[in-house]
Amino acid sequence: MAITASLVKELRERTGSGMMECKKALVETDGDIEAAIEQMRKSGLAKADKKAGRVAAEGQVTIAISDDRKSAAMVEINSETDFVSKGDDFAGFAQTVAEKILADDPADMDAINALEVDGEKADDRRKALVAKLGENIQIRRFVRMATSGVIGAYRHGERIGVLVELEGGSEELARDLAMHVAATKPNCVDEAQVDEATVEKEREIFRAQAAESGKPPEIVEKMIDGRIRKFLAEITLVGQPFVKDPDQTVGQLLKKEGAKVVRFERMEVGEGIEKEEGDFAAEVMAQVKGG
């Protein structure tokens, strides 16, 4: 059967694949477009499996939030390069997944992979994207919030996302606090959430440093207490100077506004992923020689 341009065009529109790949599939299936689609799907899954072991440390953090600001979802989806993650296909997939998490409230990653995205399971859609874009793509982590208060959301570029759950206050305050968290990266809301072992470890470090000063023990203990207070102020949200008004702490701002931060979530693309350091010039030369 003759493979017409219109047939190739239809297959491209239905699969999102390249022209040559579509033409090849149609030739191999004697112009049967449904068989070609099935063959390309199988081929895509195989390609996705082969790429699954490759490091994916780039990507996007994407947020979806309800109109009433009572619920929100945030998800990190990774790719191997920022070139791919900045493309419309990747961004569209990420936004759709975030909106499905917001709507369906999945319990875990298995539930996310089973979500219906564009008429198919999210994991199958992801694998099809791997085949199309040629890189390992992974849905890495997510969080969903729901509250009777208000949720503030802030996305800094494509790489950092923050959600803040607030009791009292306003939408504007919640967003300002989300921006603050994006900028300052606090460990937790307040001192009550700081692990005692962490405080004791810092205390021992400060004690060893202060002991070298030669000052009396009672003075040393006061020095240590002061250092601990400073340490806690630096790592807790309420202890930090507010980025939009450093003359007051976040805690003082919250008291003035009659609000309380219940929790916050901050995601940054690639956190904790060990990136592979490659020699780009050598990689290009290897590809040239292979060609």
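For the structure, check the block above.
Presented here is a report on the structure given in the accompanying data block. Quantities reported herein were computed from a predicted structural model and do not represent experimental measurements.

It is worth spelling out the sheet that holds strand β7 (residues 160-167) at this point. The strand order β6-β7-β10 describes an open sheet built from 3 strands, whose pairing is antiparallel. Single-partner strands in this sheet number two, and they are β6 (150-156) and β10 (260-268). Strand-to-strand twist in this sheet, taken as the mean axis angle between neighbours without regard to direction, amounts to 15 degrees. Pairing analysis gives 8 bridges linking β7 to β10, with the strands arranged antiparallel. Its bridge partner being in β10, Val-164 is matched across the sheet by Phe-264. Against the sheet, helix α8 (residues 171-184) makes contact with β6, β7 and β10, and its axis sits at roughly 40 degrees relative to β6, the strand it touches most.

Our next topic: the nonpolar core. If you look at the biggest cluster of nonpolar residues, it comprises 21 residues, and the most contacted ones within it are Val-162, Val-164, Leu-166, Leu-173, Leu-177, Leu-254 and Val-261. Sorting the residues of this core by element identifies β6, β7, α8, α11 (250-257) and β10 as the ones contributing at least two each. Per-element accounting of this core gives the leading share, 6 residues, to α8. Filtering out sequence-adjacent residues up to four positions away, Leu-254 remains in contact with Leu-166, Leu-173, Leu-177, Val-238, Ala-259, Lys-260 and Val-261. Listed in part, the 20 residues of the second largest apolar core include Ala-64, Ala-98, Ile-112 and Ala-122.

Quick look at unusual backbone geometry now. The residue Asp-30 is not glycine, and still its phi comes out positive at about 55 degrees. Along the chain, Asp-30 falls in the loop between α2 (19-28) and α3 (33-51). Even without a glycine there, the phi angle at Asp-105 is positive, about 50 degrees. Structurally, Asp-105 is set in the loop between α5 (88-104) and α6 (109-113).

Before going further, it helps to spend a moment on the pairing of β6. Along any regular strand, the residues point their side chains to alternate faces of the sheet. With 5 of its 7 residues buried, β6 lies for the most part within the structure. Hairpin connection, β6 to β7: the antiparallel pair is bridged by 3 residues, and Gly-157 has positive phi, about 60 degrees.

Strand order in the open sheet formed by 3 strands is β1-β2-β5, and the pairing between neighbours is antiparallel. Edge positions in the open sheet fall to β1 (58-65) and β5 (138-146), since each of these has one partner strand only. Neighbouring strand axes in the sheet, compared pairwise and without regard to direction, differ in orientation by 10 degrees on average. Pairing analysis gives 8 bridges linking strand β2 (residues 71-79) to β5, with the strands arranged antiparallel. Following the sheet pairing, Asn-78 is matched in β5 by Gln-138. Against the sheet, α5 engages β1, β2 and β5, with an angle of about 145 degrees to β2.

Mapped onto the fold, Val-262 is located in strand β10. Assessed through its relative accessible area of 30%, Val-262 is described here as partly exposed. Sequence spacing of Val-262 and Val-189 is 73 residues, and the spatial spacing of their C-alpha atoms is 7.8 Å. When neighbours within four sequence positions are excluded, Val-262 is seen to be in contact with Glu-165, Glu-167, Val-189 and Gln-193.

Taken as a whole, this structure holds 17 salt bridges when the rule is applied. Arg-144 is paired through a salt bridge with Asp-105; the nearest N and O atoms lie 3.9 Å apart. One end of the pair, Arg-144, is in strand β5; the other, Asp-105, is in the loop between α5 and α6, with 39 residues separating them in the sequence. Of the residues examined, Arg-144 reaches a relative accessible area of 23% and is grouped as partly exposed. Overall, Asp-105 belongs to the partly exposed group, its relative accessible area being 45%. If you follow the salt bridges from partner to partner, you end up with Glu-76, Arg-140, Arg-141, Lys-185, Arg-266, Glu-268 and Glu-271 in one network.

Moving on, we get to the environment of Glu-99. Counting through the fold element by element, Glu-99 comes out in helix α5. Placed 27 residues apart in sequence, Glu-99 and Ala-72 show a C-alpha to C-alpha distance of 8.8 Å.

This part covers the packing of α8 against α11. Orientation of α8 relative to α11, taken along the N-to-C sense of each, is 175 degrees, at an axis distance of 12 Å. Here α11 runs roughly antiparallel to α8, going by the angle between their axes. Here α8 contributes Leu-173, Leu-177 and His-180 to the contact with α11, which in turn contributes Val-250, Leu-253, Leu-254 and Glu-257. For the contact of α8 with α11, the per-class residue count stands at 5 nonpolar, 1 polar and 1 charged.

What counts, and where the lines are drawn
Residues numbered from 1 in each chain as written. Predicted model: local features only at pLDDT ≥ 70, side-chain atom pairs only at ≥ 80, totals over all residues. Heavy atoms only, no water. Pairing = 2+ DSSP bridges. Helix = DSSP H or I, 4+ residues; strand = E, 2+ residues; numbered from the N terminus. Axes fitted to C-alpha atoms, helices over the stretch in contact; angles between N-to-C directions. Contact = heavy atoms within 4.5 Å. Core = buried A, V, L, I, M, F, W, Y, C linked by side-chain atoms within 4.5 Å. Buried < 20%, exposed > 50% of the residue type's maximum accessible area, 1.4 Å probe, protein only. Salt bridge = Lys/Arg side-chain N within 4 Å of Asp/Glu carboxyl O. Parallel < 35°, antiparallel > 145°, perpendicular 65-115°, else oblique. Nonpolar A, V, L, I, M, F, W, Y, C, P; charged D, E, K, R; others polar.

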